[in-house]
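Commentary on secondary and tertiary structure
In case you want the letters, here they are:
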Amino acid sequence: GDAVREVRVLGAIGVCELREPLCRDGMAAVQRRLVEEGVWLRPFGRLVYTMPPFNCDELSEDHIRKIGEAVYKILSDVRCERK
């Protein structure tokens, strides 16, 4: 979406950087919506980090896809508003 400035990947870490930082309520709303999608991530200011637990025996491509699709869905709809 227009709110996303850049997407970066380094090793197992993925980062979506927003154009503007989210306010506290915005961070809470994004986190709540991600949890509703079955993904636990904590946005911080203008960053949403993903660090899947690769030491988990149950991790699969489906899990990675689920994280990516949830982040895309939620951040495509986010509006960066500062309070």
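Refer to the structure presented above.
This section reports on the structure supplied with the text. If you're wondering where the values come from, they're calculated on a predicted model, not measured in any experiment.

1. Regarding helix 1 (residues 24-36)
Its 13 residues place the ends of helix 1 18 Å apart at the C-alpha level, agreeing with the 18 Å of an ideal helix rising 1.5 Å per residue. When we look at burial in helix 1, the residues that qualify are Gly-26, Val-30, Gln-31 and Leu-34. Taken end-on, helix 1 shows its buried residues confined to a sector of 130°, consistent with a single buried face. Projecting away from the buried face of helix 1 at angles above 90 degrees are the exposed residues Arg-24 and Glu-36. Just past helix 1, the residue Gly-38 takes up positive phi, approximately 90°.

2. Observations regarding the pairing of strand 1 (residues 4-10)
When a strand is regular, its side chains alternate between the sheet's two faces. Relative to strand 2 (residues 13-18), strand 1 is paired through six bridges, and the arrangement is antiparallel. Bridge pairing in strand 2 links Leu-10 to Ile-13.

3. Examining the layout of surface pockets
Within this model, the largest pocket holds a volume of roughly 360 Å³. As for the largest pocket, its lining consists of 22 residues, of which Val-7, Cys-16, Thr-50, Gly-68 and Val-71 are closest to the centre. Put simply, the parts of the chain that give the lining of the largest pocket at least two residues each are strand 1, strand 2, strand 3 (47-50) and helix 2 (61-76). For the lining of the largest pocket, the leading source of residues is helix 2, giving seven residues. A per-class count over the lining of the largest pocket returns 15 nonpolar, six polar and one charged.

4. Some remarks on the nonpolar core
With 16 residues, the main nonpolar core has Leu-18, Val-30, Leu-34, Leu-41, Val-71, Leu-75 and Val-78 as its most contacted residues. Considering every element that reaches this core, the biggest residue donor is helix 2, with five residues.

5. As for the sheet that holds strand 1
Pairing within the open sheet is antiparallel, and its three strands lie in the order 1-2-3. The two strands at the open ends of the sheet, each matched to only one other strand, are strand 1 and strand 3. For this sheet the average axis-to-axis angle between neighbouring strands, irrespective of direction, equals 15°.

6. Some words on the packing of helix 1 against helix 2
Between two packed helices, what matters for the description is the angle formed by their axes and the separation of those axes. Interaxial distance between helix 1 and helix 2 falls to 10 Å at its minimum, and their mutual angle equals 140°. As judged from the angle between their axes, helix 1 and helix 2 are oblique. Pair helix 1 / helix 2 crosses with right-handed handedness. Contact residues: Val-30, Arg-33 and Leu-34 in helix 1; Ala-70, Val-71, Ile-74 and Leu-75 in helix 2. Grouping the constituent residues of the contact of helix 1 with helix 2 by class yields six nonpolar, no polar and one charged.

The rules behind the values
The numbering scheme is per chain: residues are counted from 1 as the chain's sequence reads. Local features in a predicted model are, by the rule used here, given only for residues with pLDDT of at least 70; side-chain atom pairs are given and counted only at 80 or more, and totals for whole chains, interfaces and linings are based on all residues. Values reported for side chains reflect all heavy atoms of the structure, with hydrogen atoms and water molecules removed beforehand. For helices the rule is a DSSP run of H or I covering at least 4 residues; for strands it is a run of E covering at least 2, with both sets numbered from the N terminus onward. Here the expected span of a helix is defined as 1.5 Å times the quantity of residues minus one. The buried label goes to any residue with under 20% of its type's maximum accessible area, the exposed label to any with over 50%, and the partly exposed label to all in between, with areas taken from a 1.4 Å probe on protein chains only. This arc describes the spread of directions from the helix axis toward the C-beta atoms. What makes two strands pair is DSSP finding at least two bridges between them. Both cavities and pockets are sets of points on a 1 Å grid over the protein atoms alone; in a cavity a 1.4 Å probe fits but cannot get out, in a pocket the set is open with protein on both sides within 12 Å along at least five of seven lines, and lining residues sit with an atom within 4 Å of a point. Grid points are joined across faces, edges and corners, and a volume is the space filled by probe spheres set on the points. Following the grouping adopted for this structure description, the nonpolar residues are Ala, Val, Leu, Ile, Met, Phe, Trp, Tyr, Cys and Pro, the charged ones are Asp, Glu, Lys and Arg, and the polar ones are all others, Gly among them. We define a nonpolar core as any set of buried Ala, Val, Leu, Ile, Met, Phe, Trp, Tyr and Cys residues linked to one another through side-chain atoms lying within 4.5 Å. For helices, the fitted axis covers only the stretch in contact; all axes are lines through C-alpha atoms, and the angles between them, taken along N-to-C directions, range from 0 to 180 degrees. Each angle is binned into one of four classes, with values under 35 degrees roughly parallel, values over 145 roughly antiparallel, values of 65 to 115 roughly perpendicular, and all other values oblique. Each crossing gets its handedness from the near helix: less than a right angle anticlockwise from the far helix is left-handed, clockwise is right-handed. A contact between two residues is defined here by any heavy atoms of the two lying within 4.5 Å.

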